[in-house]
Each structure stands twice: as structure tokens, then as C-alpha cells.
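# Report on the structure
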Amino acid sequence: MYSVLLLCGGLAGVTTVLFGFGGGFVVVPLLYILLISVHGADSGIGPAAMHIAVATSTALMVFAASLSTWRHHLRQTVQWHLVRPLVGYIAVGAVLGAAAAVSLSGEWVRWAFIGYLAITIADAVLRPGFLHQSGRDVRPMGRGVTAMTGTLIGAVAALLGVGGSVMTVPLMRRRGASMTAATAMANPLSLPMAVSGTATYVLLSANHPALGDWYAGYVDLRALLVLAVGSWFGIRLASTWIGHIPDRIHARVYLLLLTMVLVLMVVVG
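Keep in mind that what you see is a predicted model, and the values were worked out from it rather than measured. Each chain carries its own residue numbering, running from 1 in the written order of its sequence. Reporting of local features is limited, given that this is a predicted model, to residues whose pLDDT is at least 70; pairs of side-chain atoms are given and counted only at 80 or more, and all residues count toward the totals for whole chains, interfaces and linings. Water and hydrogen atoms play no part in the side-chain values, which are based on all heavy atoms of the structure.

### Quick notes on the packing of helix α3 (residues 49-74) against helix α9 (residues 221-238)
Lines are fitted to the C-alpha atoms to define the axes, a helix being fitted only along its stretch in contact, and any angle between axes, read from their N-to-C directions, falls within 0 to 180 degrees. Per the convention used, a helix needs a DSSP run of H or I reaching at least four residues, while a strand needs a run of E reaching at least two, with both numbered from the N terminus. Interhelical geometry of α3 versus α9 gives an angle of 25° and a closest axis separation of 10 Å. When the axis of α3 is compared with that of α9, the two are roughly parallel. Here α3 and α9 pass one another in a crossing that is right-handed. The segment α3 lies against α9, with T56, A59, L60, F63, A64, L67, S68 and R71 engaging L224, L227, A228, S231, W232, I235 and R236. We call two directions roughly parallel when the angle between them is under 35 degrees, roughly antiparallel when it is over 145, roughly perpendicular when it lies between 65 and 115, and oblique otherwise. Note on convention: the crossing is left-handed when the near helix lies turned anticlockwise from the far helix by less than a right angle, right-handed when the turn is clockwise. Whether two residues are in contact is decided by their heavy atoms, any of which lying within 4.5 Å being enough.

### Comments concerning the packing of helix α5 (residues 106-126) against helix α7 (residues 165-174)
For the pair α5 and α7, the least separation of the axes is 11 Å and the interaxial angle reads 15°. Overall, the two elements α5 and α7 adopt an arrangement that is roughly parallel. When the axes of α5 and α7 are compared, the crossing they make is left-handed. For the pair formed by α5 and α7, the contact residues are Y116, T120, D123 and A124 on the first element and V166, M167, P170 and R174 on the second. For this classification, the nonpolar set comprises Ala, Val, Leu, Ile, Met, Phe, Trp, Tyr, Cys and Pro, the charged set comprises Asp, Glu, Lys and Arg, and every other residue, Gly included, is treated as polar. Partitioned by chemical class, the residues of the contact of α5 with α7 number 5 nonpolar, 1 polar and 2 charged.

### What about unusual backbone geometry?
A positive phi angle is found at Q76, which is not glycine, with a value near 60°. Considering the arrangement of structural elements, one finds Q76 in the loop between α3 and α4 (80-103).

### Examining helix α6 (residues 143-160)
Given 3.6 residues per helical turn, the α-helix brings residues three or four places apart onto the same face. Expected span of a helix: the number of residues minus one, times 1.5 Å. Between the first and last C-alpha of α6 there are 26 Å, a value that for 18 residues agrees with the 26 Å anticipated at 1.5 Å per step. Turning to α6, its buried residues number three or more, namely T146, A147, T149, G150, I153, G154, A155, V156, A157, A158, L159 and L160. Type-normalised accessible area, obtained with a 1.4 Å probe on protein chains alone, sets the label of each residue: buried when under 20%, exposed when over 50%, and partly exposed for intermediate values.

### Considerations on the side chain of S68
Along the polypeptide, S68 turns up in helix α3. Each residue touching S68, except ones within four places of it in the same chain, is listed here: T16, V17, N187 and I235.

### With respect to the nonpolar core
Remark: nonpolar core denotes a set of buried residues (Ala, Val, Leu, Ile, Met, Phe, Trp, Tyr, Cys) joined through side-chain atoms within 4.5 Å. Formed by 88 residues in total, the largest nonpolar core has its most connected members in F25, M50, I52, F113, F130, Y254 and L258. Of the residues forming this core, the biggest block, 11 residues, is contributed by α3. For L258, the contacting residues outside a window of four places in its chain are F21, F25, L117, T120 and I121.

### Description of the environment of S231
With respect to the secondary-structure elements, S231 resides in helix α9. The sequence separation of S231 and A65 amounts to 166 residues, and the corresponding C-alpha distance is 10.0 Å. When neighbours within four sequence positions are excluded, S231 is seen to be in contact with G9, G10, G13, L60, F63 and A64.

### Observations concerning the layout of surface pockets
For cavity detection a 1 Å grid was placed over the protein atoms alone, and a set of points counts as a cavity when a 1.4 Å probe fits there but cannot get out; an open set counts as a pocket when protein lies on both sides within 12 Å along at least five of seven lines, with lining residues being those that have an atom within 4 Å of a point. Grid points are joined across faces, edges and corners, and a volume is the space filled by probe spheres set on the points. For the largest pocket, the calculated volume is near 300 Å³. Y116, V166, M167, P170 and L171 are, among the 15 residues lining the largest pocket, the residues nearest its centre. Taken together, the elements giving at least two residues each to the lining of the largest pocket come down to α5, α6 and α7. Residues belonging to the lining of the largest pocket are distributed by class as follows: 10 nonpolar, 2 polar and 3 charged.

Purely spatial values, then, with no claim about function.
What follows is the structure, given as C-alpha cells:
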């Protein structure tokens, strides 16, 4: 199990630094599958498998998004003047999203994950503005739009354990950003969600009776450690590609990865 998690962490690191995923689209489905396979659907772990996968993925983002943000900062790809206004609102939204996830059944969270992926993919393919770089400077948002958008990003990302990429990358893309710039901004914007969401998951599920000693609430600490080590290797490996992937290919691979995860989550169900 742990060798698979190490590889999973490496893939999470690669997708974090190149696509801003924060690892969630890799970690959530694979950890969910592993937990069900190892413990069984009827064990104490089984009914909580989706919650554990989402919470552990959210905790991993604290590490992966921090390291990836630093790598992008060194390459000067992060537009900090667009990132800073969203940070506080995302943190508030993450508390709401994590609290909602704890109160819902794991099956509901899984279908919410699937539904959101499907909507995101369809929107990117059918509506103009994502697949082709506009060539314009990134247009900033007004204060009210920033507040609503940031809160929604944090809530959805923490609810599903996927980081902010699935919302921030399409958002920044449609406002004129290249894929490199959009994914670079997704990493620091995942950090407030990851910190607030993880704290909420731990506090609201700290007394869960059936998970065992190596859990902080729904966060699987052993899995988290192995995932973090793999993520470190993946981020180091993929950092050399920052800014070197053609924009059109970058956008299409982003959607391909989302589609693969969508199919995987449907099949697992």
C-alpha cells in the first residue's frame, strides 16, 4: 500500500507544480480505492473512506502547494497582485466547505466530486476562452466579485479536497492568463484553503471512534507522510518544465487529466 502511496505522492507533486492541482485529483480517487481495497467497504474505515481521502488530500496540499508556490516564485511566474485579494475569502470558504463535507455522507461527497469535474470539463470545452490563450494581460476583478469568487473557490475546494486549481485555473484563463500564469496562481491560492480546511476536518472529526491511533480526525497521518515524501520528489522533478510547455498543449493536457480522474471515480463507484 505504501509503495503505491509513494508513487501517488510523486504524481501529485508533478500535477501540483505543472497544473496547480494541489494533488487532490490524484490523491482523492487513489487513496479512496486503496482504503476500500485494504480495509473493505464494511469495515470501520470503509464508510469513512471518502472523508479520509478528502481530508488527507487537503492536508497534503499544505506541503505540496507551499513547495510548488516557492518553485513558481523563484521562476517569477506568480502574479502576486492578483493572488493577495483572494486569499482571505478562500480561507473563509474553506471552513464552510470542510464543515459541510464532515456532515455529509461519503457517497454524497463522491458524487459531488464527479459532478463538479463533469461541469468543469464541459464548460472548458464548450465555452470559448479556455483552450486558446487570449494574449491579453490578466484582467483584475472588482471587490465584490473577488469576495464571492474567493469564498466559493474555498468552499468547493475544501468540500471535495481538490485544491483551488479546478476553479482558479479556468477563472484566470478566461481573464487572459497563460496556462503557466494560471497554474502558478493556483498554488498559493490553494494554501489558505488547505490550512483552514485541514484544521476544520481535524477539529470536527477528532472524536471519530473507529479510525485508529494514526488518525487526526479524518486525516490519515501515515498516508500523509508517505504522500508528502513522494510529492517532494515529484515537485523537484517537474519544476524544470515550468514555463516550457506550449500553451495549447498545456491546456489540453489539463483537461485530459480531469477527464481521466472523472472516469476513474465513476468506475470505482
